[in-house]
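Each chain, letter by letter, is given below.
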Amino acid sequence: MALAGAHRFVINGNINAYDYSHRGDSGFMILVNEARPGAGHESAERADPLKCHSETRKKYIDEIMEWIDSPNEDKQIMWLNGPAGAGKSAIFQTIAERRSHEGKLLSSFFFS
């Protein structure tokens, strides 16, 4: 067990622990086996992903791109929220496509 021999800590709540050591897979193969390729920004499994027209939501896209390009230790998480249909997924689809085109996209994951 991963916690064998551990001491001086408290766990409050539930823990979901998975032990993959018995499978003998490398860390990379574990990731490959658990991946969800249909959730990527270019996946054919996503039905017509929305994206922003070139001049719409520009203020928000520019602000997010500036945040991405200028890391700040005090602002490590950006939270974009709004009602359904407000354009959150379209904004991030647009950003994912731009970053992919620039060769700067590390990953993307979209929930449908």
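Up top you'll find the structure we're talking about.
For the structure given in this document, a descriptive report is provided here. Residue positions within a chain follow its written sequence, with the count starting from 1. Per-residue local features of the predicted model are confined to residues with pLDDT of at least 70, and side-chain atom pairs are confined, for both listing and counting, to 80 or more; whole-chain, interface and lining totals are unaffected and use all residues. Working from all heavy atoms in the structure, the side-chain values ignore hydrogens and water.

Considering the layout of surface pockets
So, point 1. The computed volume of the largest pocket comes to approximately 500 Å³.
So, point 2. For the largest pocket, the lining is made up of 19 residues, of which F92, S107, S108, F109 and F110 are closest to its centre.
So, point 3. By residue number, the principal contributor to the lining of the largest pocket is helix α3 (residues 88-102), which donates six residues.
So, point 4. Any residue outside Ala, Val, Leu, Ile, Met, Phe, Trp, Tyr, Cys, Pro, Asp, Glu, Lys and Arg is labelled polar, Gly included; the first ten of those are nonpolar and the last four are charged. Split by residue class, the lining of the largest pocket holds 13 nonpolar, three polar and three charged. Using a 1 Å grid laid over the protein atoms alone, points where a 1.4 Å probe fits but cannot get out form a cavity; open sets with protein on both sides within 12 Å along at least 5 of 7 lines form a pocket; any residue with an atom within 4 Å of a point counts as lining. Grid points are joined across faces, edges and corners, and a volume is the space filled by probe spheres set on the points. The numbering of helices and of strands both runs from the N terminus, where a helix is a DSSP run of H or I of at least 4 residues and a strand a run of E of at least 2.

Quick look at the side chain of T94
So, point 1. Tracing the backbone through its elements, the reader meets T94 in helix α3.
So, point 2. Each residue is assigned to one of three classes by its accessible area relative to the maximum for its type, calculated with a 1.4 Å probe on protein chains only: buried under 20%, partly exposed between the two thresholds, exposed over 50%. Note on T94: relative accessible area 9%, which makes it buried.
So, point 3. In what follows, a contact means two residues having at least one pair of non-hydrogen atoms within 4.5 Å. Among all residues touching T94, those that are not within four sequence positions of it are K51, C52 and I61.

Some thoughts on the nonpolar core
So, point 1. To qualify as a nonpolar core, a set must consist of buried Ala, Val, Leu, Ile, Met, Phe, Trp, Tyr and Cys residues joined through side-chain atoms within 4.5 Å. If you look at the biggest cluster of nonpolar residues, it comprises seven residues: C52, I61, I64, M65, A90, I91 and I95.
So, point 2. Mapped onto this core, the elements with two or more residues apiece are α2 (58-69) and α3.
So, point 3. Excluding residues within four positions of it along the chain, C52 makes contact with R57, I61, A90, I91 and T94.

Quick notes on the pattern of salt bridges
Side chains that differ in charge, positive against negative, can pair when their charged atoms come close.
So, point 1. By salt bridge we mean one thing: a side-chain nitrogen of Lys or Arg within 4 Å of a carboxyl oxygen of Asp or Glu. Counting across every chain of the model gives three salt bridges.
So, point 2. Note that R99 is salt-bridged to D69, the shortest N-O span being 2.5 Å. Taken together, the positions of R99 in helix α3 and D69 in helix α2 put the pair 30 residues apart, joining distant regions of the chain.
So, point 3. Taking the relative accessible area as the measure of exposure, R99 reaches 6% and is therefore buried.
So, point 4. Looking at D69, the relative accessible area reads 48%, which means it is partly exposed.
So, point 5. One salt bridge connects R99 with E102, and the closest N-O pair in it is separated by 3.1 Å. Taken together, the residues span about one helical turn, with R99 and E102 both in helix α3 at a distance of three residues.
So, point 6. A relative accessible area of 40% places E102 in the partly exposed class.
So, point 7. Ionic contacts of the salt-bridge type, sharing partners, join the residues D69, R99 and E102 into one network.

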